[in-house]
Amino acid sequence: MFTPESRAFLTETARTGKIATVRADGRPHVVPIWYYLDGDTIVFTTWHTTVKAANIRRDPRVSICVDDEAPPYAFALVDGIADTSDDLDQLVKYATLIAARYMGPDLAEAYGKRNGVAGEYLVRVTPTKVIYKESIAD
């Protein structure tokens, strides 16, 4: 589903994603996330009581936007279906990979252990549509 260019954009720099979920009353809810691209799946973690976790449990449709805040302002938009898991082994594994990506290898294990705990969800987003633009002017 990802082109080589969109995959490179999503993985080459630790950009923050913005995930949009749907509230029970239909309003959008958008928050930043740290993520890891595992094959064709976007993976992130969230605490079980967050608004995004409640929204995903009720309606798994999500959109994730990752953008470059410097010219030429490239972006990737991923629509997909989210699935949550509380498997602690997988949670620790991916929390550590995400931490390495955003905090560096020296802090990865500490952050992985901190975020790989009961009550945290591992969220996997399977893309249904990917849009990638190398320039917002395109």
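Parameters at a glance
Residues numbered from 1 in each chain as written. Predicted model: local features only at pLDDT ≥ 70, side-chain atom pairs only at ≥ 80, totals over all residues. Heavy atoms only, no water. Helix = DSSP H or I, 4+ residues; strand = E, 2+ residues; numbered from the N terminus. Rg over C-alpha atoms; globule rule 2.2 N^0.38 Å. Buried < 20%, exposed > 50% of the residue type's maximum accessible area, 1.4 Å probe, protein only. Contact = heavy atoms within 4.5 Å. Areas by Shrake-Rupley, 256 points an atom, 1.4 Å probe, with all protein chains shown as cover. Lys, Arg positive; Asp, Glu negative; His and termini not counted. Charge placed at Lys NZ, Arg CZ, Asp CG, Glu CD. 1 Å grid on protein atoms, 1.4 Å probe; cavity = no way out; pocket = protein on both sides within 12 Å on 5 of 7 lines; lining within 4 Å. Points joined across faces, edges and corners; volume = space filled by probe spheres on them. Nonpolar A, V, L, I, M, F, W, Y, C, P; charged D, E, K, R; others polar. Core = buried A, V, L, I, M, F, W, Y, C linked by side-chain atoms within 4.5 Å.

Participant: Got a minute to help me understand the overall build of the chain in this structure?
Facilitator: Looking only at helices and strands, one finds four helices and seven strands in the chain. Computed over the C-alpha atoms, the radius of gyration of the chain is 15 Å, within 12% of the 14 Å expected from 2.2 N^0.38 for a compact globule of 138 residues. A total of 138 residues make up the chain; the buried ones form 38% of that total. Partitioning the contacts of the chain with sequence separation of at least 6, the portion at a separation of at least 24 is 71%. For the chain, the accessible surface area stands at approximately 7300 Å², while carbon and sulfur atoms represent 54% of it. With 16 positive and 19 negative side-chain charges, the chain shows a spacing of 5 Å between the two charge centroids.

Participant: Looking at this structure, I do not really get the layout of surface pockets. What am I missing?
Facilitator: The method is simple in principle: a probe with the dimensions of a water molecule rolls over the atoms, and the space it marks as empty is what remains. Size it by volume and the largest pocket reaches roughly 210 Å³. Along the walls of the largest pocket sit 13 residues, with Trp34, Thr45, Ile98, Asn115 and Glu120 positioned nearest its centre. Considered class by class, the residues forming the lining of the largest pocket number seven nonpolar, three polar and three charged.

Participant: Can you walk me through the nonpolar core in this structure?
Facilitator: In summary, soluble globular proteins display a tendency toward joint burial of nonpolar side chains. If you look at the biggest cluster of nonpolar residues, it comprises 24 residues, and the most contacted ones within it are Leu10, Tyr35, Ile42, Phe44 and Val125. Of all elements in the fold, only α1 (4–12), β2 (28–33), β4 (41–47), α2 (51–58), β5 (61–67), β6 (75–85), α3 (88–103) and β7 (120–133) reach the threshold of two or more residues within this core. If we ignore the near neighbours within four places in the chain, the residues touching Phe44 are Ile19, Ile33, Trp34, Tyr35, Lys52, Ile56, Ile98, Tyr121, Leu122, Val123 and Val125.

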